[in-house]
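Letter by letter, the chains look like this.
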Amino acid sequence: MFHFSSASLAALAKCHPHLQAIAQAAIRKVDFKVLDSSRGRDAQERAFNGGFSKVRFGDSAHNYLPAIAFDLFPAPYDWDNKQAFIKLSKVILALPEELGLVGLDDKPLKLRWGGDWDMNGDIRDGWDMPHFELYPWRKWSKKSKLYED
Ligand SMILES: [Zn+2]
């Protein structure tokens, strides 16, 4: 069993309760940090200009509060360690069902991973391995507020 840093806990506190429950269950199995949850306008524009995000403010699942996406960084904290990201994704993606979480329209909750955007099991389209979001995020965003900072 591992523990979150205070920075991870602060990021997690801004997340949707489903994401908080998933992270708290996952940290019992695998070690990781929560890097980012809600990004305000300035932070989103910085991420866009720096090439870390492909969209402007309002068009990212990170721009809402509670956050409907989080970015996770698995131990041993090496950006090139693809296997660590894949291992973490297997833990995270299994948790909605394990925890019995209910999503929109009373259907089982689904997550979308930035390592497999089209959710077909093929990770060649996955350019954002730290990223997980409630699916479909634009529907979830209607229950959150834009995070203006
Ligand atoms: Zn993200």
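Think of each chain on its own: its residues are numbered from 1, step by step along the sequence as written. Residues qualify for local features only when their pLDDT is at least 70, as the model is predicted, and side-chain atom pairs are given and counted only at 80 or more; totals for whole chains, interfaces and linings, by contrast, use all residues. Only heavy atoms go into the side-chain values, all of them from the structure, while hydrogens and water stay out.

Asks: Please provide a residue-by-residue account of the overall build of the protein chain, values included.
Replies: Starting at the N terminus, helices and strands are each numbered in turn, a helix being any DSSP run of H or I of at least four residues and a strand any DSSP run of E of at least two. Scanning the protein chain from N- to C-terminus turns up five helices and six strands. In sequence order, the secondary structure elements of the protein chain are arranged as α-α-β-α-β-β-α-β-β-α-β. Against the compact-globule benchmark of 15 Å for 149 residues, the protein chain has a radius of gyration of 14 Å, which places it among compact chains. Viewed in the frame of its principal axes, the protein chain has a C-alpha envelope of about 40 × 35 × 35 Å. For the protein chain, with 149 residues in total, the buried portion stands at 48%. Carbon and sulfur atoms make up 53% of the accessible area of the protein chain, which totals about 8,200 Å². Within these notes, the globule rule equals 2.2 Å times the number of residues to the 0.38 power, and the radius of gyration is based on C-alpha atoms. Per-residue accessibility, obtained with a 1.4 Å probe over protein chains only, is compared with the maximum for each type, and a residue is labelled buried under 20%, exposed over 50%, and partly exposed between these values. Surface accessibility in these figures is a Shrake-Rupley result with a 1.4 Å probe; residues are shielded only by whichever protein chains are displayed.

Asks: I'd love a proper account of the coordination of the zinc ion, names of residues and values included.
Replies: His62 (NE2), Asp71 (OD) and His131 (ND1) make up the full set of protein donors to the zinc ion, lying at 2.0 Å. Only nitrogen, oxygen and sulfur atoms qualify as donors, and only when within 2.8 Å of the metal (3.2 Å in the case of Na, K and Ca); with water excluded, sites may look incomplete. Sequence positions of the donors to the zinc ion reduce to the motif H-x8-D-x59-H. Of the two residues, His62 sits in the loop between helix H3 (41–49) and strand E2 (64–65) while His131 sits in strand E5 (residues 131–134), which places them 69 residues apart along the sequence. Just as His62 is buried, His131 falls in that class too.

Asks: Which residues make up helix H2 (residues 17–26), and what values do they have?
Replies: Buried residues of H2: His18, Leu19, Ile22, Ala23, Ala25 and Ala26, and no others. The arc enclosing the buried residues of H2, seen along the axis, measures out at 165°, which places them on a common side. The arc in question is formed by the directions pointing from the helix axis toward the C-beta atoms.

Asks: Can you lay out unusual backbone geometry for me, pointing to particular residues and giving the numbers?
Replies: Here the amide bond leading from Ala75 into Pro76 is cis, since omega sits at 10°, within 30 degrees of zero. With respect to the helices and strands, Pro76 occurs in the loop between strand E3 (69–74) and helix H4 (82–98). Of the consecutive residues Tyr135 and Pro136, the connecting peptide bond is found in the cis state with omega at -10°. Structurally, Pro136 is set in the loop between E5 and helix H5 (137–141). Phi at Asp106 takes a positive value of approximately 60°, unusual for a residue other than glycine. Along the chain, Asp106 falls in the loop between H4 and strand E4 (111–113). Positive phi is not limited to glycine here, since Met119 has a value of about 60°. Summarising the element assignment, Met119 is placed in the loop between E4 and E5.

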